[in-house]
Amino acid sequence: QVQLVESGGGLVQAGGSLRLSCAASGGTFSNYAMGWFRQAPGKEREFVAAIAWSGLHTSYADSVKGRFTISRDNAKDTVYLQMNSLKVEDAAVYYCAAARGLGYNRVPRTESEYDYWGQGTQVTVSS
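Model, not experiment: these values are computed from the prediction. (Residues numbered from 1 in each chain as written. Predicted model: local features only at pLDDT ≥ 70, side-chain atom pairs only at ≥ 80, totals over all residues. Heavy atoms only, no water.)

**Brief notes about the pairing of strand 7 (residues 68–73)**
To keep it simple, the criterion reads: Here's how the labels work: a residue is buried when its accessible area is under 20% of the maximum for its type, exposed when over 50%, partly exposed in between, all with a 1.4 Å probe on protein chains only. For the purposes of this entry, the term helix denotes a DSSP run of H or I that reaches at least four residues, the term strand denotes a run of E that reaches at least two, and both are numbered from the N terminus. Strands are treated as partners if at least two bridges between them are detected by DSSP.
Of the two faces of strand 7, only the one carrying Phe68, Ile70 and Arg72 is buried; Thr69, Ser71 and Asp73 on the other face are not. With six bridges joining them, strand 7 and strand 8 (residues 78–83) adopt antiparallel strand pairing. By the bridge assignment, Ser71 is partnered in strand 8 with Tyr80. Between strand 7 and strand 8, which follow one another and run antiparallel, lie four residues, and Asp77 among them has a positive phi close to 50°.

**Focus on the state of the cysteines**
The condition that has to hold: Disulfide: a pair of cysteine sulfur atoms within 2.5 Å of each other.
For the structure shown, the criterion picks out one disulfide. Residue Cys22 pairs covalently with Cys96 via a disulfide, S to S 2.0 Å. With the S-S bond torsion at -80°, the cross-link from Cys22 to Cys96 turns out left-handed. Separated by 74 residues along the polypeptide, Cys22 in strand 3 (residues 18–25) and Cys96 in strand 9 (residues 92–99) bring together distant segments of the chain. On the basis of relative accessible area, Cys22 is assigned to the buried category, the value being 0%.

As structure tokens, this is what we get:
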């Protein structure tokens, strides 16, 4: 069973930065597309960013494009989400997810495409 553990969440002021990490174990990390989702209080979980298992393609929600960067380090079985220029509306619980059995260049954006999920890490942004 693949296990994902997020870390790096915390409290920052608007305009600040955070770097989230997601450590994976129990699977072949390099063959999983990886993604980040978030869920704010009273809202549904939404797609944030994803990276194909090839590492050559990424995708971002329009709301974070240009501010967030997803990357992966297969040697460390870890995926990252660098969040810059944070806004109050970015506050949410951020979840790491892994998708198996997808194509080399596939960058999944929907929850149904993911097979494994982390417990989430809280990101709070103050004004």
